[in-house]
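Now for the letters of each chain:
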Amino acid sequence: MKIALLQCNTVTGDVAGNAERILAAVREAAAQGADLCVTPELALCGVAPGSYLRAEDFAEGCKAGLQMLADALQDGPPLLVGAPVASVYASGLLSNAAILVQKGRWSVVSRKVYQTYGQDSEARFFDRGVSCGILALDGWRLGVVLCQESATEDGAFWKTQYASGHNPLMELVQRGVDAIVHMAAVPFSKGVQRLSEQMLSHVAARHHVHLFSVNMVGGNDSRVYNGQSLAFDPTGQILARGKAFAEDVLLVDTAGSGGIVHPRPACLPEAIWDALTLGVRDFVRKCGLEKAIVALSGGMDSALVLCVAAEALGADNVTAVLMPSPYSSEGSVTDSLELAKNLGVRTLTLPIEPVMESFSAALAPGLDLFETFPGDTTFENLQARIRGIMVSSLANRARALVLNTGNKSECAVGYSTLYGDTVGALGVIADLTKTEVYTLAGWYNHHRQATIIPQAIFDKAPSAELRPGQKDSDSLPPYDVLDPVLESLIFAGQTAAQPQEADEGLRKEVRRKLFAAEFKRRQEPLGLHISRMPFGTGWQVPVAGRYRMP
């Protein structure tokens, strides 16, 4: 059998457009002799549709999309497509289903099995499912699986057994299948791809079946899907792997040599880079725009974001805005201009000192009503807010999105100004610690085989430059000390990070800042997720809480 895994980049909610994209992929697969085509989970409506699923015409629109596919593929190969359909288990809910489109008709083959409602943000819209379906085709019995994902077999659908003793996978295998078709939508996360491959290989070998796993690709809000669909033979040997971070029609011939085994990214920084560029490109374009604006400070964060933006959107679609203050060093301006020149990005320089003076005069009657205090940062924060107003106004006129430049370390401890350097439509590096930002920037220069990011930006001490001589280290521990402590706190209780050896007083102070900064994080831009514990997903801390033990 020749099975085509259609690694699609869909737009959530665009059922009509997604149907056309799927049709184009099926036609490409048919030209290669495919006997069956398979899309990822929810390919027809797009992943993470959320409350779209509550819209009164959404389910009917998906049915119309399925019929559109059926009408167009009357003489084409059978298609398994992921889509929501009405539940037969729970009134008022939908099923996250695998639909067979064949000979002008469509029918439900399998429904997604959820272990618990809490493990998946979409689970509250769907029924929990009971068992997986089997498709008989050309002498093959194909078990069709949609399931909650895990990087390891323990705790995942592949091994989980309900308290009742019901195990959906074992039940499927015991019914007799030659292969498992796994329709997935698994977002990229650092280090997960290799673990997932090992797990799926083990599943194939343990049950002695072929296993075909098709994954989504593309950016959808915070999530970035890396593709890399997989096929294994009954011994667990890999037969094919789809392209990383790109659309693909991966044809797997079970009777021949299998298919193409595309390489994984050569290293973790390359995978992160690919995830960020794809995430930015799809976010901007799926929002219906083409252009972006980046506030360029002369520091490493904004330098890296500008490089990602230029790669993702093209240098002609990016504008770098320099907004020096009286406290900005000469190097911050010259380094920024050199970087922009290296990238071919247009720059705009808007000194903010005149605006600072105007704001100071306008605010004086109000500020005089209140006493100043040690550590008062009113005028430091004012500079950041002036810059936020400027880039936001430019974005209005340019019909562009502002790309935020804050990193995870700053976000974690609240080292930012609300309505200032936190403005933007998308936090490009919001899930990278400062240490990871420098690592990725170094990889980028090496990858380009040129000093695109000037060496001076690597060498200078990090600084917000909001007062004379200011350094980040005035307010924070050095990042090579801070970041391991943050990782151990954020991943507390998780296997992703082991407790770090650190001064107990430092750990408690970092934890205090981490918890206290939640009110800022709730108001910061959507960030691209590349770790297993990004802020905003899985991480939950009260805004008005006070963590204090006896």
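The structure displayed is predicted, hence computed values, not measured ones.

### Quick look at the overall build of the protein
Scanning the protein for helices and strands turns up 15 helices and 19 strands. For 550 residues, the compact-globule estimate of 2.2 N^0.38 gives 24 Å, and the C-alpha radius of gyration of the protein, at 26 Å, lies within 12% of that figure. If one aligns the C-alpha atoms of the protein with their principal axes, the spans along those axes are about 80 × 55 × 45 Å. Burial status across the protein gives 53% buried among its 550 residues.

### Focus on the pairing of strand E5 (residues 105-111)
A regular strand carries its side chains on alternate faces of the sheet. Note: strand E4 (residues 94-102) against E5, six bridges, orientation antiparallel. Note on E5: the bridge partner recorded for Ile99 is Val108.

### Focus: the nonpolar core
If you look at the biggest cluster of nonpolar residues, it comprises 50 residues, and the most contacted ones within it are Leu276, Val280, Leu306, Leu339, Leu343, Leu403 and Ile453. For this core, the secondary-structure elements that each account for two or more residues are helix H5 (268-286), strand E15 (291-295), helix H6 (300-313), strand E16 (318-322), helix H7 (330-343), strand E18 (400-404) and helix H11 (434-448). Lining this core are residues from two domains, each supplying at least three of them: domain 1 (2-264) and domain 2 (271-362 + 377-472). Discounting residues that sit within four places of it in the chain, Leu306 has contacts with Val294, Leu296, Val318, Ala320, Leu339, Ala340, Leu343 and Val345. Counting 40 residues, the second-largest nonpolar core is a separate cluster that includes Ile22, Ala70, Leu73 and Tyr225.

### Observations concerning the domain arrangement of the protein
A common way to report how large an interface is uses the accessible area buried once the components associate. Split by domain assignment, the protein resolves into domain 1 (2-264) and domain 2 (271-362 + 377-472). Taking the mean C-alpha position of each, domain 1 and domain 2 sit 38 Å from one another. Each partner contributes residues to the interface: domain 1 has 13 residues there, and domain 2 has ten residues. Of the roughly 910 Å² buried where domain 1 meets domain 2, counting both sides, 66% is carbon and sulfur surface. On inspection of domain 1 and its partner domain 2, the count reaches one salt bridge. Where domain 1 meets domain 2, there are six residue pairs in polar contact (both at pLDDT 80 or more). Secondary structure elements with two or more residues in the side of domain 1 that touches domain 2: strand E10 (217-220) and strand E11 (223-226). Per-element accounting of the side of domain 1 that touches domain 2 gives the leading share, four residues, to E10. The residue makeup of the side of domain 1 that touches domain 2, split by class, is six nonpolar, five polar and two charged.

### A word on unusual backbone geometry
The backbone phi angle of Ala48 is positive, close to 50 degrees, even though this residue is not glycine. Structurally, Ala48 is set in the loop between strand E2 (36-38) and helix H2 (58-72). Within the chain, Gln449 stands out as a residue other than glycine whose phi angle is a positive 55 degrees. If you trace the backbone, Gln449 turns up in the loop between H11 and helix H12 (455-459). Judged by relative accessible area, Gln449 falls into the exposed class, the value being 74%.

### A few points about the packing of helix H13 (residues 479-490) against helix H14 (residues 504-516)
At a minimum axis distance of 10 Å, the contact between H13 and H14 shows a crossing angle of 65 degrees. Judged on the interaxial angle alone, H14 and H13 are roughly perpendicular. Crossing geometry of H13 relative to H14 is assigned as right-handed. Every residue of H14 that contacts H13 at Val481, Leu482, Val485, Leu486, Ser488, Leu489 and Ile490 is listed here: Leu506, Arg507, Val510, Arg511 and Leu514. Residue composition of the contact of H13 with H14, by class: nine nonpolar, one polar and two charged.

### Here's the deal with the pattern of salt bridges
What the rule picks out here adds up to 14 salt bridges. Linking Lys434 and Asp301 is a salt bridge whose minimum nitrogen-to-oxygen distance equals 3.0 Å. Placement of the pair is Lys434 in helix H11 and Asp301 in helix H6, with a sequence separation of 133 residues. The residues Lys434 and Asp301 share a single accessibility class, namely buried.

### Details of the sheet that holds E5
Pairing within the open sheet is mixed, and its six strands lie in the order E5-E4-E3-E2-E1-E14. Taken across any chain shown, the strands that pair with only one partner, and hence form the sheet edges, are E5 and strand E14 (248-253). Strand-to-strand twist across the sheet, computed as the mean angle between neighbouring axes with direction ignored, equals 35 degrees. Note: strand E3 (residues 79-86) against E4, eight bridges, orientation antiparallel. From the neighbouring strand, Leu79 faces E4, where its bridge partner is Val101. Packing against the sheet, helix H1 (residues 15-31) makes contact with strand E1 (2-7), E2, E3 and E14, and its axis sits at approximately 150 degrees to E1.

### Side note on the packing of H5 against H11
Packing of H5 against H11 brings their axes to within 10 Å, and their N-to-C directions diverge by 95 degrees. Comparing their axes, H11 and H5 come out roughly perpendicular. Facing Pro269, Glu270, Ile272, Trp273 and Leu276 of H5, the residues of H11 in contact are Thr439, Leu440, Trp443 and Tyr444. Of the residues belonging to the contact of H5 with H11, the class tally is seven nonpolar, one polar and one charged.

### Details of the pairing of E15
Two strands pair when backbone bridges link them, and E15 and E18 are joined in this way by three bridges, in the parallel orientation. Opposite Ile293, over in E18, you have Val402 as the bridge partner. Two strands pair when backbone bridges link them, and E15 and E16 are joined in this way by four bridges, in the parallel orientation. The residue bridging Ala292 from the neighbouring strand is Val318, located in E16. Tracing the backbone out of E15, into H6 and back to the parallel element E16 gives a crossover that is right-handed.

### Concerning H1
The end-to-end C-alpha distance of H1, which contains 17 residues, comes to 24 Å, matching closely the 24 Å that a straight helix rising 1.5 Å per residue would cover. For H1, the complete set of buried residues consists of Val15, Gly17, Asn18, Ala19, Ile22, Leu23, Ala25, Val26 and Ala29. In the segment just after H1, Gly33 is the residue with positive phi, at about 90 degrees.

### What to know about the sheet that holds E18
On the basis of which strands lie adjacent, the open sheet formed by five strands has the order E17-E16-E15-E18-E19 and parallel pairing. Each of the sheet's edge strands pairs with one partner strand only, and the pair in question is strand E17 (346-349) and strand E19 (426-427). In this fold helix H9 (residues 378-398) packs onto E15, E16, E17 and E18, with an angle of close to 165 degrees to the strand it touches most, E15.

Here is what the cut-offs are and how they apply
Residues numbered from 1 in each chain as written. Predicted model: local features only at pLDDT ≥ 70, side-chain atom pairs only at ≥ 80, totals over all residues. Heavy atoms only, no water. Helix = DSSP H or I, 4+ residues; strand = E, 2+ residues; numbered from the N terminus. Rg over C-alpha atoms; globule rule 2.2 N^0.38 Å. Buried < 20%, exposed > 50% of the residue type's maximum accessible area, 1.4 Å probe, protein only. Pairing = 2+ DSSP bridges. Core = buried A, V, L, I, M, F, W, Y, C linked by side-chain atoms within 4.5 Å. Domains from an automatic or database assignment. Contact = heavy atoms within 4.5 Å. Buried area = accessible area lost by both parts, 1.4 Å probe. Salt bridge = Lys/Arg side-chain N within 4 Å of Asp/Glu carboxyl O. Polar contact = N/O pair within 3.5 Å; in protein donor to acceptor, adjacent residues only side chain to side chain. Nonpolar A, V, L, I, M, F, W, Y, C, P; charged D, E, K, R; others polar. Axes fitted to C-alpha atoms, helices over the stretch in contact; angles between N-to-C directions. Parallel < 35°, antiparallel > 145°, perpendicular 65-115°, else oblique. Left-handed = near helix turned anticlockwise from the far one by under 90°. Right-handed = clockwise from strand over helix to strand, strands pointing away. Expected span 1.5 Å × (residues − 1).

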